[in-house]
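Here is what each chain is made of, one letter per residue.
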Amino acid sequence: MTNFPNEAAWIIAPKTRPLEVGPGPDPTPSENEVVIKVAYAAVNPVDWKEQENARIKLPYPYIFGTDVSGTIVQLGANVTRFELGQRKYTTCREILVSAIPDSLPLANAAVLPLSVSTAASALFHYLELPYPTLNPKPIGKTILIWGGSSSVGSSAIQLAVAAGLVVITTAGSSNVEYVKNLGASQVFDYRDLDVVDRILEGLKPGDLVFDTISSQSTQSTNARILGAIGGGKLPVTLWPVEGLSANVNAVLVNGLAPGLVNLDVGDAVWRKYLPEALASGKFLAKPDPWIIEGGLERVQDGMDLQKKGVSAKKIVIEVARE
């Protein structure tokens, strides 16, 4: 058994706020899980959106959150690739856990879990790209990643480059160098009136599109782009909107799928690619964390801040000091 008290920030009933901090679940792993003593937990847009209007039935009281970093303190019976005391970030299923190098602060590691899994699901399951490697070979395709400075976009750019694709992306003018440092070869300002025409100049039939923002307007824009080059699957991170181009199939990406159903993707990315890529510096823990101190009592503040909007940052709650 673990030797630390467990607490959680709970939503007690639909649409209630603020979250209430109280005793958490008993941290007992199943055979394929690990228990993490959490140092940092990151906030994602889905957290406040589900608080305000849950699209699926949640088992209240409920704990939001999928992104944590910390130290492994207990192993399930079948877990053999980790040791107690290793520093990690995890969703607690072993297949979604990666070792991180000592040079990577836990606060920075906490930005990665859901963004990596969401990007991996879009690229390697829905778009069927080759799995990422440290020394990728060009495959002759270009992908437009709409929203490159977002959390999911930051991971998607790097994973697509590691799969051998040329990446073009959209970002505000203040984040051009940020997304180029992640591997984007061209950056377009999404606010430009002629952005669609300019993007289409660099795409050809068979190229791909991933909408990491997935508002109604961005889905419509990306469907126009994809439809103009022949159509196909358009991975989106929010519920698909109606009335898109007839030759475009918008598919909702499940960020947890690499650890639940698409285990080949989880194995390729989390077990085989990410640990070495992080250690070698070929995959960067981006965006940088916007750290909120004060423990679980500050989770609601973090969700409210995320709702207001952040650029090339991710809200991370300091749950316990390293």
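In short, a report on the structure. Starting afresh in each chain, residues are numbered from 1 along the sequence in its written order. Whole-chain, interface and lining totals are the exception, using all residues; otherwise, since this is a predicted model, local features are given only for residues with pLDDT of at least 70 and side-chain atom pairs are given and counted only at 80 or more. Only hydrogens and water are removed before side-chain values are computed, so all heavy atoms of the structure are retained for them.

1. Side note on a nonpolar patch on the surface
A cluster of nonpolar residues, Leu256, Leu260 and Val261, forms a patch on the protein surface that exposes about 270 Å² of accessible area. Under the scheme used here, helices are H or I runs from DSSP no shorter than 4 residues and strands are E runs no shorter than 2 residues, and both carry numbers assigned from the N terminus. Mapped onto the secondary structure, Leu260 falls in helix α8 (residues 257–260). Patch building starts from residues that exceed 30% relative accessible area and form no salt bridge, then joins like charges within 9 Å and nonpolar side chains (Val, Leu, Ile, Met, Phe, Trp, Tyr) within 5 Å. Residue exposure ignores everything except the shown protein chains as possible cover, and the areas themselves are Shrake-Rupley values with a 1.4 Å probe. The term salt bridge refers to a pairing of a side-chain nitrogen on Lys or Arg with a carboxyl oxygen on Asp or Glu at a separation within 4 Å.

2. Digging into the pairing of strand β3 (residues 34–42)
The element β3 is extensively covered by neighbouring structure, given that seven of its nine residues are classed as buried. Relative to strand β15 (residues 313–318), β3 runs antiparallel, the two sharing three bridges. Residue pairing across strands places Ala42 opposite Val316, the latter belonging to β15. To sort residues, take the accessible area from a 1.4 Å probe on protein chains only and compare it with the maximum for the residue type: under 20% means buried, over 50% means exposed, and anything in between is partly exposed. One bridge is not enough; two strands pair if DSSP finds at least two bridges between them.

3. Regarding the sheet that holds strand β2 (residues 20–23)
Pairing is antiparallel across the open sheet formed by three strands, whose spatial order is β2-β1-β4. Every other strand in the sheet has two partners, leaving β2 and β4 (62–63) as the edge strands with one partner each.

4. Thoughts on helix α7 (residues 216–228)
Each α-helix winds once per 3.6 residues, and so residues spaced three or four apart point in a common direction. In a regular helix each residue adds 1.5 Å, so 13 residues correspond to 18 Å; α7 covers 18 Å between its end C-alpha atoms and thus fits that length. For α7, the full list of buried residues reads Thr218, Gln219, Thr221, Asn222, Ala223, Ile225, Leu226 and Gly227. Working rule for contacts: check all heavy atoms of both residues, and any pair within 4.5 Å makes them a contact. The secondary structure elements touched by the buried residues of α7 are β8 (142–146), α6 (195–200), β11 (208–211), β12 (232–236) and β13 (248–252). Gly230 lies just past α7 and shows a positive phi near 120 degrees. For a helix, the expected span equals 1.5 Å multiplied by the residue count minus one.

5. Let's talk about the environment of Lys314
You can see Lys314 is positioned in strand β15. For the pair Lys314 and Gly65, spaced 249 residues apart in sequence, the C-alpha to C-alpha distance is 13 Å. Contact partners of Lys314, with chain neighbours within four places excluded, come to Ala42, Val43, Asn44, Asp67, Val111, Ser115, Ser151, Pro287, Asp288, Pro289 and Trp290. Under the rule applied, a polar contact is a pair of N or O atoms within 3.5 Å (in protein, one hydrogen donor and one hydrogen acceptor; residues adjacent in sequence only if both atoms are side-chain atoms). In terms of polar contacts, Lys314 uses its side chain to reach the side chain of Asn44, at 2.9 Å.

6. A few points about the nonpolar core
Nine residue types can take part in a nonpolar core, namely buried Ala, Val, Leu, Ile, Met, Phe, Trp, Tyr and Cys, and a core is a set of them joined through side-chain atoms within 4.5 Å. In terms of nonpolar packing, the biggest core is built from 54 residues, with Leu123, Phe124, Ile143, Leu159 and Phe283 touching the most fellow members. When contributions to this core are tallied by element, the ones reaching two or more residues are β3, α2 (106–109), α3 (113–126), β8, α4 (151–162), α5 (176–182), β11 and α9 (263–280). In terms of nonpolar packing, the next biggest core, distinct from the first, is built from 18 residues, Leu144, Ile168, Phe188 and Ala250 among them.

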